[in-house]
Amino acid sequence: MTTKQRAYLKGLAMTMDPIFQVGKNSMTPELTKAVAEALEARELIKISVLKNCADDPKELAALLAERTRSQVVQVIGKKIVLYKEGKDKNKKIELP
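Along each chain, the written sequence defines residue order, and numbers are assigned to residues from 1. Residue-level local features of this predicted model are given only where pLDDT is at least 70; pairs of side-chain atoms are given and counted only at 80 or more, and the full residue set underlies all totals for whole chains, interfaces and linings. Each side-chain value is derived from all of the structure's non-hydrogen atoms; neither hydrogens nor water enter the calculation.

Enquirer: Would you explain the environment of Thr 32 in this entry?
Expert: Only DSSP runs of H or I covering at least 4 residues are called helices, and only runs of E covering at least 2 are called strands; the numbering of each starts at the N terminus. With respect to the element layout, Thr 32 can be found in helix α2 (residues 29-42). Given a relative accessible area of 11%, Thr 32 falls into the buried group. Separated by 17 residues in the primary sequence, Thr 32 and Thr 15 place their C-alpha atoms 23 Å from one another. Excluding residues that lie within four positions of it along the chain, Thr 32 makes contacts with Met 27, Leu 64, Arg 67 and Thr 68. Here's how the labels work: a residue is buried when its accessible area is under 20% of the maximum for its type, exposed when over 50%, partly exposed in between, all with a 1.4 Å probe on protein chains only. Any pair of residues with heavy atoms lying within 4.5 Å of one another is described as a contacting pair.

Written out as structure tokens, the structure is:
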């Protein structure tokens, strides 16, 4: 992913609300599966890491990206943005 593409995705993610929250249970197989399904449907998702989660958001982002075969767009504070190129041509996000 180029710097320009990443910047474009960051801009899209700014207006999004987080659709998942990572809490004290941290990474569960159910969360990983749900994130993978959401990436298939949406391509770009935002995840919020709650205060009661002891894990580092950057480490969580890297782990989630690896398990879902996606890319980390950014991690700001306790917000994670992931991107995975979708297969549906009609719903595809056009990267610059």
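Still more ground to cover, so stick around.
Enquirer: What is the right way to read helix α3 (residues 57-68) from this model?
Expert: One less than the residue count of a helix, multiplied by 1.5 Å, gives the span that helix is expected to have. For α3, spanning 12 residues, the distance from its first C-alpha to its last is 16 Å, which sits close to the expected 16 Å at 1.5 Å a residue. Three or more residues of α3 are buried, namely Pro 57, Leu 60, Ala 61, Leu 64, Ala 65 and Thr 68. Relative to the axis of α3, the buried residues are bounded by an arc of 130° and lie together on one face. For α3, exposure combined with an orientation more than 90 degrees from the buried face picks out Lys 58, Glu 59 and Glu 66. The reported arc concerns the directions from the helix axis to the C-beta atoms and nothing else.

Read these as layout, nothing more, since geometry by itself doesn't imply function.
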